[in-house]
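Remarks on the overall topology
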Amino acid sequence: MATGSEAGKPAEVVLEWPKQDKKRMLHAVYRVGDLDRTIKCYTECFGMKLLRKRDVPEEKYTNAFLGFGPEDSNFALELTYNYGVDKYDIGAGFGHFAIAHEDVYKLAETIKSSSCCKITREPGPVKGGSTVIAFAPDPDGYMFELIQRGPTPEPLCQVMLRVGELDRSIMFYEKALGMKLLRKKDVPQYKVYHMPIVVLMPFFLLILID
Ligand SMILES: C[C@@H](O)C(=O)SC[C@H](NC(=O)CC[C@H](N)C(=O)O)C(=O)NCC(=O)O
Ligand SMILES: [Zn+2]
C-alpha cells in the first residue's frame, strides 16, 4: 500500500510545502449541451463569476471559463460547447466537483428557489462523518457537492474521481504529476476507500475507489 509522502507530517509542516511549490491545478474542462444554461446555473446558484468566453467558429465550438476568482490565482471550470451537440454521457468515473460554503443550508435554499437547479441530497452530516454536505446536479448532470466550511480563498475545492486501483493512481499523481498524498480515509461501512491528494493548497483532488 502506498504511504503518503505527507501523511505522517503535522498540518503546519505540510502547509509549508505549497509556499515553495508554485505548481497548481489551472482548470478542469468538460463538455456541456447549452452554454448559457450552465453559465446561468453556475453564476446564479453557485455564485461563480463568468471569467471569459471564447468562440472558435472555424472549429465549431465555444469555451466559457467560470470560477470564484481570476485565473492567475484561482482554479477555473472550462466549459466546452460543441455546435449542435446538446447532451453527453457523463459516465461513472466522474464523481463531483465540490464548492465550499459557510452555510450550506442557506445555499441549498437558494438553489431550490432557482428555476435552473435542484438539490438531490438535502444538507446534513455526511454518512460516516460530521461535515455538512449537500448535492446539486448541474443542467448536464455533472454533480456538485456543497461542503460547509469556513471562509476560503478558493471555494472550488475538490474534484472527486472514481479510480479502479488506488495505489496505481497514487503512484501516477505523485510521480508523474508531482502531487502529494496528504491522507487517506477508509470508510468500510460504505465500501469506500478514498483519499485526497494535495496539488497546492487550498485546491486538492479527492480520489475515490469503490
Ligand atoms: C469528503 C467529501 O468531500 C466526500 O465527497 S464524502 C461523500 C460521500 N462519498 C461516498 O460515499 C463515495 C462512495 C460512493 N459509492 C461513490 O462512489 O460516490 C457521499 O457521497 N456520501 C453520501 C451522503 O449522503 O453522505
Ligand atoms: Zn467530495
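Rules of the game
- Residues numbered from 1 in each chain as written.
- Chains lettered and ligands numbered in written order.
- Predicted model: local features only at pLDDT ≥ 70, side-chain atom pairs only at ≥ 80, totals over all residues.
- Heavy atoms only, no water.
- Buried < 20%, exposed > 50% of the residue type's maximum accessible area, 1.4 Å probe, protein only.
- Helix = DSSP H or I, 4+ residues; strand = E, 2+ residues; numbered from the N terminus.
- Arc of directions from axis to C-beta.
- Contact = heavy atoms within 4.5 Å.
- Polar contact = N/O pair within 3.5 Å; in protein donor to acceptor, adjacent residues only side chain to side chain.

**Comments concerning helix α4 (residues 104–112)**
Of the residues making up α4, those classed as buried are V104, L107, A108 and I111. Buried residues of α4, viewed axially, fall in a sector of 100°; they line one side. Those residues of α4 that are buried lie in contact with β5 (94–101), β6 (121–125), β7 (132–137) and β8 (143–148). Capping of α4 at its N-terminal end is provided by D103; its side-chain oxygen lies 3.1 Å from the backbone amide nitrogen of Y105.

**Regarding helix α5 (residues 166–176)**
Where α5 is concerned, the buried positions are L166, S169, I170, Y173 and E174. Angularly, the buried residues of α5 cover 120° about the axis, an arc narrow enough to put them on a single face. Along α5, exposed side chains directed more than 90 degrees from the buried face belong to R168, K175 and A176. Backbone geometry just downstream of α5 places G178 in the positive-phi region, at approximately 75°.

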